[in-house]
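# Working through the structure, step by step
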Amino acid sequence: MYSPIILTASGTSAAAEKTCRHIETSVKRHFPRHEIYWGYSSRVVRQELQKKQSAALQQPADIASTLTTAGHRQVVVQSLHLIPGHEFHALQQEVRQVEGIDCLIGMPILYSPTDYTTYMDLLAPYIKQRSDRAVLIVGHGTRHAVWPIYLALESMLQRRFGSQVFMGVVEHFPLTNDVEERIAAAGFKKVLMIPFFLVAGMHFRRDMIGDQPDSWKQRLKKRGLQVEVMSDGVGLLPGIGELVANHITAAMSRAQE
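Residues numbered from 1 in each chain as written. Predicted model: local features only at pLDDT ≥ 70, side-chain atom pairs only at ≥ 80, totals over all residues. Heavy atoms only, no water.

Time to look at the overall build of the protein. Per the secondary structure count, the protein includes 10 helices and eight strands. On C-alpha atoms alone, the protein measures out to a radius of gyration of 19 Å, which is about the 18 Å that the 2.2 N^0.38 rule sets for 257 residues. Reported as C-alpha extents along the three principal axes, the dimensions of the protein are approximately 65 × 40 × 30 Å. Buried residues in the protein amount to 51% of all 257 residues. Sequence-distant contacts in the protein: of pairs separated by 6 or more residues, those separated by 24 or more amount to 78%. (Helix = DSSP H or I, 4+ residues; strand = E, 2+ residues; numbered from the N terminus. Rg over C-alpha atoms; globule rule 2.2 N^0.38 Å. Buried < 20%, exposed > 50% of the residue type's maximum accessible area, 1.4 Å probe, protein only. Contact = heavy atoms within 4.5 Å.)

Before going further, it helps to examine helix α3 (residues 60–68). If you check which residues of α3 are buried, you get Pro60, Ala61, Ile63, Ala64, Leu67 and Thr68. Seen end-on, α3 carries its buried residues on one side only, within an arc spanning 160°. (Arc of directions from axis to C-beta.)

Let us look at a nonpolar patch on the surface. A cluster of nonpolar residues, Trp147, Leu151, Phe173 and Leu175, forms a patch on the protein surface that exposes about 380 Å² of accessible area. Position of Leu151 relative to the elements: it lies in helix α6 (residues 148–161). Taking relative accessible area as the criterion, Leu151 reaches 40% and is therefore assigned partly exposed. (Patch = residues over 30% accessible without salt bridge, like charges linked within 9 Å, V, L, I, M, F, W, Y side chains within 5 Å. Areas by Shrake-Rupley, 256 points an atom, 1.4 Å probe, with all protein chains shown as cover. Salt bridge = Lys/Arg side-chain N within 4 Å of Asp/Glu carboxyl O.)

Below, the discussion takes up the side chain of Ser26. Inspection of the secondary structure assignment puts Ser26 in helix α1 (residues 14–30). Discounting residues that sit within four places of it in the chain, Ser26 has contacts with Gly241 and Glu242.

Take a look at the structure:
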C-alpha cells in the first residue's frame, strides 16, 4: 500500500487554484501510484465556514484521521509554506496529534541550502535579463524567530546577482521601510518587483501593487522609479513542483531510517 500524500493549501482563490494544479501536476508525475489529497489550513477553513462554502475543505489532520479507516498507517503531509514559520509549526503540531497513523512531514519549500540555490536558479532568467534595473523581491514578513531568513536570502541573492537585488516585506520583520530610499540612492531608475509569496493573491494585489499610498508600487513611484511587476507567485515558477517532489521523497526516506 502506497502512502497517500496530503498537499497543504492556504487559499481558495482562482490564483491559488491555478498554483495548486501546477504543483499537483509535478507531484503526480513523480508519484503516480500515490493518492493525493489537498488539506487546507485552519484559518482557511474558518473563513470558508463563515461563508458557508466549506463542504469540500478539510484540514490535513482530518484527512489523515480519515485515512486510518482505509487501513493506511503512514501519510506524507507536504508543507507548501515558503519558510518554516508560525503556520508550518502549527501544521506540524496538528498532524502529530492524529492517532493511528504516522504523519511524515515534508519540509517547507525553502528549507535546505540546496532549496535556496534552486530558487535562485529559477529566478536567474528574470534577473539577468534586467541588469539595468533594481530587483525588489517582496515577501510577507513574520514575527517568528525565523525572520532573519529574509535578510539571509537578500545576502545570498546579492552574492549571486550583485547589488541590484533588494528584499522587502509587507508586515512585521525584518523592517524594510527604507528599501525604496536605498534603491534610489544606488542610482537605479527602474525596478522589477517579484512576489515572494506562493500565490500572488491578496498581499500581492493590495500590499505590492495596490493603489493605496503605502503599497510598494506607490512607494517606489513616489521616489520617481519606474516599476515593472512579475505577476506570478513562487508556486508558478517553472521547476517549483520538482522542488516540492524532492521534499516528499526526503520525507519518505526519513521514515526508512
